[in-house]
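Single-letter residue listing:
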Amino acid sequence: MKALDELNFDNRFARLGDAFSTHVLPEPLDAPRLVVASEAAMALLDLDPAVVETPVFAELFGGHKLWAEAEPRAMVYSGHQFGGYTPQLGDGRGLLLGEVYNAAGEHWDLHLKGAGMTPYSRMGDGRAVLRSSIREFLASEALHALGIPSSRALCVIGSDTPVWREKQERGAMVLRMAHSHIRFGHFEYFYYTKKPEQQALLAVHVLNLHYPECREQPEPYLAMFREIVERNAELIAKWQAYGFCHGVMNTDNMSILGITFDFGPFAFLDDFDAHFICNHSDHEGRYSFSNQVPIGQWNLSALAQALTPFISVDALKEALGLYLPLYQANYLDLMRRRLGLTTAEDDDQHLVERLLKLMQNSGVDYTLFFRRLGDESAALAVARLRDDFVDLAGFDAWAEQYKARVARDGDYSEEQRRARMHAVNPLYILRNYLAQNAIAAAESGDYSEVRRLHEVLSRPFEEQAGMEQYAQRPPDWGKHLEISCSS
Ligand code: AMP
Ligand code: MG
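Since the structure is predicted, the reported quantities are computational estimates derived from the model, not experimental observations.

Asks: Now, about the coordination of the magnesium ion (ligand 2): what can you tell me, with residues and values included?
Replies: Only Asn-253 (OD1) and Asp-262 (OD) from the protein coordinate the magnesium ion (ligand 2), and they sit 2.0 to 2.1 Å from it. Each member of the pair, Asn-253 as well as Asp-262, carries the same accessibility label: buried.

Shown next, in the form of structure tokens:
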């Protein structure tokens, strides 16, 4: 277990040089204080959990102090935002402080979001507010606990620094961690600015550090792109199976590692709604829940375009063709498990689609339905869940089909069924209204609710004593909350 000053740095991205990032020092927050920290994320750095109690913790992650070995850099990238190309973006308010390696030899980027202005800030102030920092922290750690690949979050530091959004708020910083912060937009930047040498350096960097197994393949870059396609297909299958809506799937928010990345107005579905749009400035529904699937492919095509200097167009097209079938196979596999099925039948896709249509029509709670379905035998569970549906005849027909399917699936005890289903169907999910409650308390200086919610969500599959209030449908005020895009 390490103290904060014992971290080992190896700043591989910074060493790529000034064409890739710019040295910028964090701009300290006034009166920095710990809002919440993740012990699980600290463990990835071998940090002793007791370090959160030391004053230097909030000083380091509130921008007041730096390790001697850190090399804070704002990265440059570009990207397609809502379908249109923006030629230069970059870390407008985040800094890659450095890369830390742990005892197991894993490298983790330490990235401080809300660290002040950079050369890429454009019209922005370089800051992040408390509410969006808390949302990013909770979502990163909750997704990870659900088994959905995501960037991680070490802590949120609050402050007295005033920040103007629709109204005056307080600045905060979130310390984000990932094996890399390289986005699709990094490749697009060097492609569209016609800098082939830097683009080649970036490609070698990503291949060597993040896809070393692809170097053994006859065409390493093609193998790497295929792997990126596969990871994205798997990631988006998980989002869809668990009802996660990212909200801003611009190519600058897509990680080259295929992890969930850059959190804005995201939401987990409460009622099932395939057309749900969580970003209230997304008027066309480009990033609606069900559109995430084709948009995943659209984004991979944008990356493919930027990789044409390294890979033939035909090979790129063939690799892109893997996306949909892989997505469908992964999604169906997850949904079978959510339904408690252990075998595969041709008609399962249809079984899932019919259920979702019924849930959509009746506004059934997406998370609780699957959890309750595993509480008891299939026959008892569907009899109890029936009340949630408006189209009773439709549900009864589905329930008959489901019970017959379960009977053909295998002979297992009720206990086995419950254990298997509860291991994949969370009881607790980061509902927007729960985040909202925690944020309201934190904004008035009480961080206990954020910490409790983080705790509960770190074990989403386990029923936790005294935590019933986190496993409820939202109250009326908490449904369809409009989450501001400003953050
Ligand atoms: P996002 O919508 O958070 O993915 O941000 C899109 C782009 O705007 C990124 O380049 C961000 O770094 C930048 N950005 C967002 N908010 C700010 C801000 N308050 N100050 C400076 N840049 C920002
Ligand atoms: Mg972004």
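Asks: How would you explain the UniProt feature "active site" (unreviewed entry) in the protein if you had to name every residue and give the values?
Replies: The UniProt entry lists Asp-252 under the feature "active site" (unreviewed entry), expressed in the numbering used here. By secondary structure assignment, the location of Asp-252 is in the loop between strand E11 (244-245) and strand E12 (267-268). By relative accessible area, Asp-252 is classed as buried at 7%. Those residues in contact with Asp-252 that sit more than four places away from it in its chain are Tyr-77, Ser-78, Gly-79, His-80, Gln-81, Leu-89, Arg-183, Gly-185 and Asp-262.

Asks: Residues and numbers for the nonpolar core, please.
Replies: In this structure, Phe-369 and Trp-398 are the most contacted members of the largest nonpolar core, which totals 159 residues. Each of domain 1 (4-184) and domain 2 (339-422) accounts for three or more of the residues forming this core. Apart from residues lying up to four places away in sequence, Phe-369 is in contact with Leu-355, Met-359, Val-364, Leu-385, Phe-389, Phe-395 and Trp-398.

Asks: Account for the site of ligand 1, naming residues and giving values.
Replies: Taken together, 16 residues lie near ligand 1, and Gly-90, Gly-92, Arg-122, Asp-125 and Gly-126 sit nearest. Between an oxygen atom of ligand 1 and a main-chain N or O atom of Gly-90, the distance comes to 2.7 Å. One of the side-chain N or O atoms of Asn-253 is found 3.0 Å from an oxygen atom in ligand 1. For ligand 1, the accessible surface in isolation is 480 Å², of which the surrounding protein chains cover 78%. Mapped onto the shell around ligand 1, the elements with two or more residues apiece are strand E4 (73-81) and strand E5 (84-90). A breakdown of the residues in the shell around ligand 1 according to their chemical character gives two nonpolar, seven polar and seven charged.

Asks: Account for the pattern of salt bridges, with residues named and values stated.
Replies: Using the criterion set out here, one finds 32 salt bridges in the structure. Arg-33 is paired through a salt bridge with Asp-160; the nearest N and O atoms lie 2.9 Å apart. Taken as a pair, Arg-33 in strand E3 (residues 33-37) and Asp-160 in strand E9 (residues 152-164) lie far apart in primary sequence, 127 residues in all. A salt bridge links Glu-376 to Arg-384, with the shortest nitrogen-to-oxygen separation between them at 2.7 Å. Among the residues examined, Glu-376 registers a relative accessible area of 13% and is labelled buried. Here Arg-384 falls in the exposed class, since its relative accessible area comes to 58%. Each member of the salt-bridge network shares a partner with another, and the members are Asp-91, Lys-113, Glu-136, Arg-176, Arg-183 and Asp-262.

Asks: Hey, could you go over the packing of aromatic side chains for me, with residue numbers and the actual values?
Replies: For any pair of aromatic rings, the description rests on two quantities: the centre-to-centre distance and the angle between the ring planes. In total, this model carries 26 aromatic pairs according to the counting rule given. Ring centres of Phe-389 and Phe-395 lie 4.2 Å apart, and the angle between their planes is 20 degrees; this geometry places the pair in the stacked category. Both residues of the pair, Phe-389 and Phe-395, belong to the buried class. Taken together, the ring pairs connect Phe-272, Phe-289, Tyr-366, Phe-369, Phe-370, Phe-389, Phe-395, Trp-398 and Tyr-402 into an aromatic cluster. For Arg-135, the ring lying beneath its charged end belongs to Phe-266, and the centroid distance is 4.1 Å. For the cation-ring pair, Arg-338 lies above Tyr-366, with the distance from its terminal atom to the ring centre recorded as 5.5 Å.

Asks: Mind laying out the domain arrangement of the protein, listing which residues take part and the relevant values?
Replies: Taken domain by domain, the protein holds domain 1 (4-184) and domain 2 (339-422). Look at where the C-alpha atoms of domain 1 and domain 2 centre, and you get two points 42 Å apart.

Asks: Tell me about the environment of Tyr-77, and please be specific about residues and values.
Replies: Structurally, Tyr-77 can be placed in strand E4. Using a relative accessible area of 5% as the deciding quantity, one classes Tyr-77 as buried. A sequence separation of 175 residues divides Tyr-77 from Asp-252, and the C-alpha atoms of the two residues are 7.3 Å apart. Separated by 3.1 Å, the side chain of Tyr-77 and the backbone oxygen of Gly-90 make a polar contact.

About the criteria used
- Residues numbered from 1 in each chain as written.
- Chains lettered and ligands numbered in written order.
- Predicted model: local features only at pLDDT ≥ 70, side-chain atom pairs only at ≥ 80, totals over all residues.
- Heavy atoms only, no water.
- Donors = N, O, S within 2.8 Å, 3.2 Å for Na, K, Ca; no water.
- Buried < 20%, exposed > 50% of the residue type's maximum accessible area, 1.4 Å probe, protein only.
- UniProt positions renumbered as here; feature names shortened; annotations may be inferred.
- Helix = DSSP H or I, 4+ residues; strand = E, 2+ residues; numbered from the N terminus.
- Contact = heavy atoms within 4.5 Å.
- Core = buried A, V, L, I, M, F, W, Y, C linked by side-chain atoms within 4.5 Å.
- Domains from an automatic or database assignment.
- Near = heavy atom within 4 Å.
- Polar contact = N/O pair within 3.5 Å; in protein donor to acceptor, adjacent residues only side chain to side chain.
- Areas by Shrake-Rupley, 256 points an atom, 1.4 Å probe, with all protein chains shown as cover.
- Nonpolar A, V, L, I, M, F, W, Y, C, P; charged D, E, K, R; others polar.
- Salt bridge = Lys/Arg side-chain N within 4 Å of Asp/Glu carboxyl O.
- Phe/Tyr/Trp six-rings, centres within 6.5 Å; stacked < 30°, edge-to-face > 60°.
- Lys NZ or Arg CZ within 6 Å of the ring centre and 35° of its normal.

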